[in-house]
Amino acid sequence: MSKKKKFAKESLVTKTELVLPNDTNTLNNLMGGRLMHWMDVVSAIAAQKHSNRIVVTASVDNVSFHAPIRLGNVVTLVAKVTRAFNSSMEVHIKVSAEDVPSGQRFDSNEAFFTFVAVDENSKPTGVPELVPESDEEVLLFDGALRRRQLRLVLAKRMKPNEAIELKSIFNID
Ligand SMILES: CC(C)(COP(=O)(O)OP(=O)(O)OC[C@H]1O[C@@H](n2cnc3c(N)ncnc32)[C@H](O)[C@@H]1OP(=O)(O)O)[C@@H](O)C(=O)NCCC(=O)NCCS
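Basis of the calculations
Residues numbered from 1 in each chain as written. Predicted model: local features only at pLDDT ≥ 70, side-chain atom pairs only at ≥ 80, totals over all residues. Helix = DSSP H or I, 4+ residues; strand = E, 2+ residues; numbered from the N terminus. Near = placed C-beta within 6 Å. Nonpolar A, V, L, I, M, F, W, Y, C, P; charged D, E, K, R; others polar. UniProt positions renumbered as here; feature names shortened; annotations may be inferred. Core = buried A, V, L, I, M, F, W, Y, C linked by C-beta atoms within 7 Å. Buried ≥ 20, exposed ≤ 12 C-beta atoms within 10 Å, placed from the backbone. Contact = placed C-beta atoms within 7 Å.

This part is about unusual backbone geometry. Unusually for a residue other than glycine, Asn 52 sits at a positive phi of about 55°. Among the structural elements, Asn 52 can be located in the loop between helix H1 (32-51) and strand S3 (54-60). Of note in the backbone geometry, Lys 156 takes a positive phi value of approximately 60° without being a glycine. Residue position: Lys 156 is located in the loop between helix H2 (135-154) and helix H3 (164-169).

Okay, here's the thing in structure tokens:
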């Protein structure tokens, strides 16, 4: 039987948060850990919407913080599944912030999360195929295979010589 297919846009999740005193460090900047918690939850909902399953976080790729988010800023998180494999899904999340009184908006950071859909016994289970539509979705879909191979090699779950697509970008035979 052929696998069910779903569009990338069906997994889109957006969350908006106001940075309150309890979210900040002593410099009045949003704590990195609080932001990562919001990112984890929003990305997990995107993966749940794609798979209609409970999901667990398998890995998070390098998160870096380009600019501090300040007390009182409004934070927007936008997540979408980029590609689905067997039981795992890669989710791309973008974070931006706005200083509402001045109307100044800026990009804060982005990351790729990998979630695994699990069944009632917490065992990995199959997920629908993802169909990208927009140019950005196609670009993210195409890059997802290389990113998957890189993270599986780093996690020692794949031998470097099996990472065919990854090797091709370095022109290694
Ligand atoms: C993620 C987890 C379900 C994988 O289970 P497993 O028994 O090792 O399953 P498998 O080896 O069959 O791998 C299942 C999928 O996970 C993916 N996976 C496993 N480790 C991974 C990693 N470090 N990064 C990315 N994907 C990973 C595999 O590539 C595979 O994907 P596929 O089915 O699409 O090909 C399991 O390791 C787990 O439950 N981890 C804890 C999850 C958790 O508690 N998260 C919260 C952390 S604080």
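After that view of the structure, there is still more to cover.
Let's shift gears to the site of the ligand. In the vicinity of the ligand there are 15 residues, among which Ser 59, Phe 85, Asn 86, Ser 87 and Ser 88 approach most closely. Secondary structure elements with two or more residues in the shell around the ligand: S3, strand S6 (104-118) and H2. Per-element tally for the shell around the ligand: the top contributor is S3, with four residues. For the shell around the ligand, a count of residues per class yields seven nonpolar, six polar and two charged.

What follows concerns the UniProt feature "domain: HotDog ACOT-type" (unreviewed entry) in the protein chain. Listed under "domain: HotDog ACOT-type" (unreviewed entry) in the UniProt record, and renumbered for this structure, are residues 9-121. End C-alpha to end C-alpha, residues 9-121 measures 29 Å, and it is 18% helix and 45% strand.

Core analysis: the largest hydrophobic core is formed by 28 residues, its most contacted members being Val 81, Val 91 and Ile 93. Looking at this core, the elements that each hand over two or more residues are H1, strand S4 (74-84), strand S5 (88-99) and S6. In this structure Val 91 touches Ser 43, Ala 46, Ala 47, Ala 79, Lys 80, Val 81, Thr 82, Phe 112, Phe 113 and Phe 115, once residues within four positions along its chain are discounted.

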